[in-house]
Amino acid sequence: MRLLIPLAVLSLVLAFSASRSTEAPTGFDNKSNGVADDATHQADLAKFEEVEQLSDGLGPLYNAQSCRECHQSPVPGAASQVAELRVGHQGPEGHFRNPEISIAHGIEVISGRSLVNDRAICPNAAFPNNEIQERVPEAETIRTFRLSLSLLGDGFVEAIADQTLIDLAERQCKSSHRKICGQVLQVPIVEAPGQMSVGRFGWKDQHASLLSFASDAYLNEMGITNRLQPDEVTNLCNTASEPNDMPGPDGLSDIDRFARFIRATKAPARDSALASSPVARKGYSLFDKIGCATCHVETLTTAAAETKINGGTFTIPAALGSITFHPYGDFLMHDVGTGDGILQATREHYGNKVFRMMSGYLSKQDFESSRNKIRTAPLWGVRLRPRLMHDGASLTLRDAILRHRGEASHVSQQFEKLKREDQEAIIEFLKSL
Ligand code: HEC
Ligand code: HEC
């Protein structure tokens, strides 16, 4: 009897620790997932929606005036139809080279990035002769569009331990007899110069940290220089003082608020009526059985609260620690035959300082072999995306599935072999996500 009590206590403790991971909150209600109080989250959301003007430092080259312009549907932070243009060419020995884009009648050549900005602030009244609009030179023959992505629930993605993704890649490769081997890319944490972590954001896994991504987007999409990306792409017709994004009275800059906003978003909610329908349930079991779930992994769990990530600069808060969520993705790079052939634009994504400091490490990162790979598209919220795949060139779920080749060839062949009604069940399941 004396022994029994401690045993009962022990098993209770064990049961408690096993069930300690909780489900991520989901929904499209613009409310915080618990990372910030609701008033803070509303204020951060307003920053995310703010429309920047010339006097704020917009441009000189840019794509849109606000984060929300490209991350909006159905709520701020989600995705949209807006795509970006990236180009380059094949250099000697077949290596990818970033484009050289001459602007202002050849006064300046933009290099070191693959992005081509679609908008410019001049010529205007003050600078009638500055023709700075970028155009694709004929010689830049490798070209693609990349659609905007949803940011909802990305705080959970950021909080996945590196080792979880590394182990997932190994398990996947073993269990598929080396047919499907996701690539892990170590990328710099811009706010922790010299530190790397496993890339998980962007179509090319170019960032691991939401703060790094926000600073990259603020400069490259909107032309707003900030403490992590202080150098303008061009200074022609630029009048605003640099850096454009200065800390407010609370010490936080816009990029800090964007990162906090994204970290506090809830994961996309499923279509609950469809999700519980027998056909969608059958669809999921077929999706799993034929191998879609090898890459489109249903469930991941974040590292524990208090774990330090992003090179020690961010501590996982309670609301993001030990959380189970359902992204239907592995956040790894795969060749599914759709690759755009464009190499990671290191100077563009990580800024001049980190680029100079880390170019030795970066060249060891095997970015070259990821040229034709794309991160597995996480399928949470896919029902809200009318254009599919990185380039938006697939317009139905069936077309997107049938386009999978390369590492996914044997899986898409399994799909083709299914009876029509079984194929429909998988598509109904996707429509519930
Ligand atoms: C002109 C449209 C546009 C604007 C404006 C824009 N983005 Fe994006 N965003 C994109 C595109 C396109 C991608 C995918 C980029 C890629 O990987 O090639 C993306 C991806 C992201 C991602 C990665 C999401 C993931 O899950 O992988 C984050 C984070 C992000 N944007 C944050 C921001 C923030 C913060 C702002 C405002 C400072 C912003 N974006 C402004 C178009 C835009
Ligand atoms: C080898 C890994 C892998 C397997 C197996 C795989 N996928 Fe994918 N899937 C990807 C990648 C990578 C992309 C993104 C490709 C791109 O954008 O060019 C993707 C994209 C998609 C998309 C488009 C999502 C969007 O937001 O644009 C859908 C839908 C999809 N997959 C469904 C499936 C289904 C259904 C199966 C099983 C028949 C499957 N996938 C098997 C890796 C895989």
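No experiment lies behind these values; they were computed from the predicted model shown.

**Describing the overall build of the chain**
1) Next: Looking only at helices and strands, the chain features 14 helices and 17 strands.
2) Next: Relative to the globule expectation of 22 Å for 433 residues, the C-alpha radius of gyration of the chain, 23 Å, shows essentially globular dimensions.
3) Next: Its C-alpha atoms give the chain principal-axis dimensions of roughly 85 × 55 × 45 Å.
4) Next: Counting across all 433 residues of the chain, residues that qualify as buried make up 53%.
5) Next: In the chain, once contacts between residues fewer than 6 apart in sequence are set aside, the share between residues at least 24 apart is 71%.

**A look at the confidence of the model for the chain**
1) Next: The share of residues in the chain with pLDDT of 70 or more is 95%, and the mean pLDDT across the chain is 94.
2) Next: For residues 1-8, every residue scores under 50 in pLDDT, and the model assigns this stretch 0 contacts once sequence neighbours within four places are set aside.
3) Next: Low pLDDT, under 50, characterises residues 10-18; the predicted model gives this stretch 0 contacts beyond four residues in sequence or across chains.

**Let's talk about the coordination of the iron atom of ligand 2**
1) Next: Summarising the metal site, the iron atom of ligand 2 is bound by the protein donors His 296 (NE2) and His 404 (NE2), whose distances to it range over 2.0 to 2.1 Å.
2) Next: Around the iron atom of ligand 2, the 6 donor atoms are arranged such that angles at the metal cover 87 to 179°; this shape is classified as octahedral. Of this pair, His 296 sits in the loop between α10 (292-295) and β12 (300-301) while His 404 is found in the loop between α12 (397-403) and α13 (409-417), placing the two residues 108 residues apart along the sequence.
3) Next: For His 296, a relative accessible area of 12% puts it in the buried group.

**Structural notes on unusual backbone geometry**
1) Next: The linkage connecting Ser 73 with the following residue, Pro 74, adopts the cis geometry, with an omega of 5°.
2) Next: Along the chain, Pro 74 turns up in the loop between α3 (67-70) and β3 (83-90).
3) Next: Cis geometry is found at the peptide bond from Glu 242 to Pro 243, where omega equals -15°.
4) Next: Of note, Pro 243 is situated in the loop between α6 (210-220) and α7 (254-263).

**A look at the site of ligand 2**
1) Next: Lining the immediate environment of ligand 2, one finds 27 residues, of which Cys 292, Cys 295, His 296, Thr 338 and His 404 sit closest.
2) Next: In the environment of ligand 2, an oxygen atom lies 2.6 Å from a nitrogen or oxygen atom belonging to the backbone of Met 389.
3) Next: Taking His 390, its main chain carries an N or O atom lying 2.6 Å from an oxygen atom of ligand 2.
4) Next: Elements with a minimum of two residues in the shell around ligand 2: α10, β17 (374-375) and α12.
5) Next: A per-class count over the shell around ligand 2 returns 17 nonpolar, 7 polar and 3 charged.

**What to know about the coordination of the iron atom of ligand 1**
Ideal geometry at a metal centre gives angles of 109.5 degrees when four donors are arranged tetrahedrally and 90 or 180 degrees when six donors are arranged octahedrally.
1) Next: You will see that the iron atom of ligand 1 has only one donor from the protein, His 71 (NE2), lying 2.1 Å away.
2) Next: Within the fold, His 71 resides in the loop between α3 and β3.

**Concerning the packing of helix α2 (residues 38-49) against α7**
1) Next: One way to put it is that α2 packs onto α7 with a least axis distance of 9 Å and a crossing angle of 120°. The angle between α2 and α7 places the two elements in the oblique class. At the point where α2 passes α7, the crossing takes the left-handed sense. Side by side, α2 and α7 meet where Thr 40, His 41, Asp 44, Leu 45, Lys 47 and Phe 48 of the first sit next to Asp 254, Arg 257, Phe 258, Arg 260 and Phe 261 of the second.

**Considerations on the side chain of Gln 172**
1) Next: Looking at the element boundaries, Gln 172 is found in helix α5 (residues 162-175).
2) Next: Apart from residues no more than four positions distant in its own chain, Gln 172 is found in contact with Ile 180, Cys 181, Gly 182, Thr 294, Cys 295, Asp 330, Leu 332 and His 334.

**Focus on helix α11 (residues 346-363)**
1) Next: With 18 residues, α11 should reach 26 Å at 1.5 Å per residue; the first-to-last C-alpha distance of 10 Å falls well below that figure.
2) Next: Along α11, the sharpest kink reaches roughly 100°, centred on Asn 352.
3) Next: Here α11 has its buried residues at Thr 346, Glu 348, His 349, Tyr 350, Gly 351, Val 354, Met 358 and Leu 362.
4) Next: Elements that come into contact with the buried residues of α11 comprise β3, β7 (115-116), β10 (186-188), β11 (196-198) and α6.

**Some words on the site of ligand 1**
1) Next: Lining the immediate surroundings of ligand 1 are 28 residues, of which Cys 67, Cys 70, His 71, Asp 154 and Gly 202 lie closest.
2) Next: Between ligand 1 and the protein, one listed contact pairs a nitrogen atom with a side-chain N or O atom of His 71 at 2.9 Å.
3) Next: Here an oxygen atom of ligand 1 sits 3.0 Å away from a polar atom, N or O, in the side chain of Arg 375.
4) Next: Going through the elements one at a time, α3, β9 (142-147) and α6 are the ones with two or more residues in the shell around ligand 1.

Quick notes on the rules
- Position numbers for residues start from 1 in each chain and track the written sequence from start to end.
- Starting at A for chains and at 1 for ligands, labels are handed out in the order in which the entities are written.
- Two thresholds apply to this predicted model, a pLDDT of at least 70 for residue-level local features and 80 or more for giving and counting side-chain atom pairs, whereas whole-chain, interface and lining totals are computed over all residues.
- To obtain the side-chain values, all non-hydrogen atoms of the structure were included, while hydrogens and water were left out.
- The secondary structure listing takes helices from DSSP runs of H or I that are at least 4 residues long and strands from runs of E that are at least 2 residues long, numbered from the N terminus.
- Here the radius of gyration uses the C-alpha set of atoms, whereas the globule reference equals 2.2 Å times the residue count to the power 0.38.
- The cut-offs for exposure are 20% and 50% of the maximum accessible area for each residue type, with area from a 1.4 Å probe on protein chains only; residues under the lower value are buried, those over the upper are exposed, and the others partly exposed.
- Contacts were defined at the residue level, with two residues in contact if any of their heavy atoms lie within 4.5 Å.
- The predictor rates its confidence in each residue with pLDDT, a number between 0 and 100.
- Sodium, potassium and calcium take a 3.2 Å donor cutoff, other metals 2.8 Å, and in both cases only N, O and S atoms count; water is not among them, so sites may look incomplete.
- Sites are called tetrahedral only when four donors show all angles between 85 and 135 degrees, square planar or octahedral only when four or six donors show opposite pairs over 155 degrees and all other angles between 65 and 115, and irregular in any remaining case.
- What makes a residue near a molecule or strand is one non-hydrogen atom of that residue sitting within 4 Å of it.
- For this analysis, a polar contact is any N or O atom pair within 3.5 Å, provided that within protein one partner can donate a hydrogen and the other can accept it, and provided that sequence-adjacent residues contribute only side-chain to side-chain pairs.
- All amino acids are sorted into three groups, where Ala, Val, Leu, Ile, Met, Phe, Trp, Tyr, Cys and Pro are nonpolar, Asp, Glu, Lys and Arg are charged, and the leftover types, Gly among them, are polar.
- Here an angle of 0 to 180 degrees is reported between the N-to-C directions of two axes, which are lines fitted to C-alpha atoms, with helices fitted over the stretch in contact.
- Here the word oblique covers every angle except those under 35 degrees (roughly parallel), over 145 (roughly antiparallel) and from 65 to 115 (roughly perpendicular).
- Handedness of a helix crossing follows the sense of rotation of the near helix relative to the far helix, less than a right angle counterclockwise being left-handed and clockwise being right-handed.
- The length a helix should cover is 1.5 Å for every residue beyond the first.
- We define the bend at any residue as the angle between the axes fitted to the seven residues before and including it, ending there, and the seven starting there.

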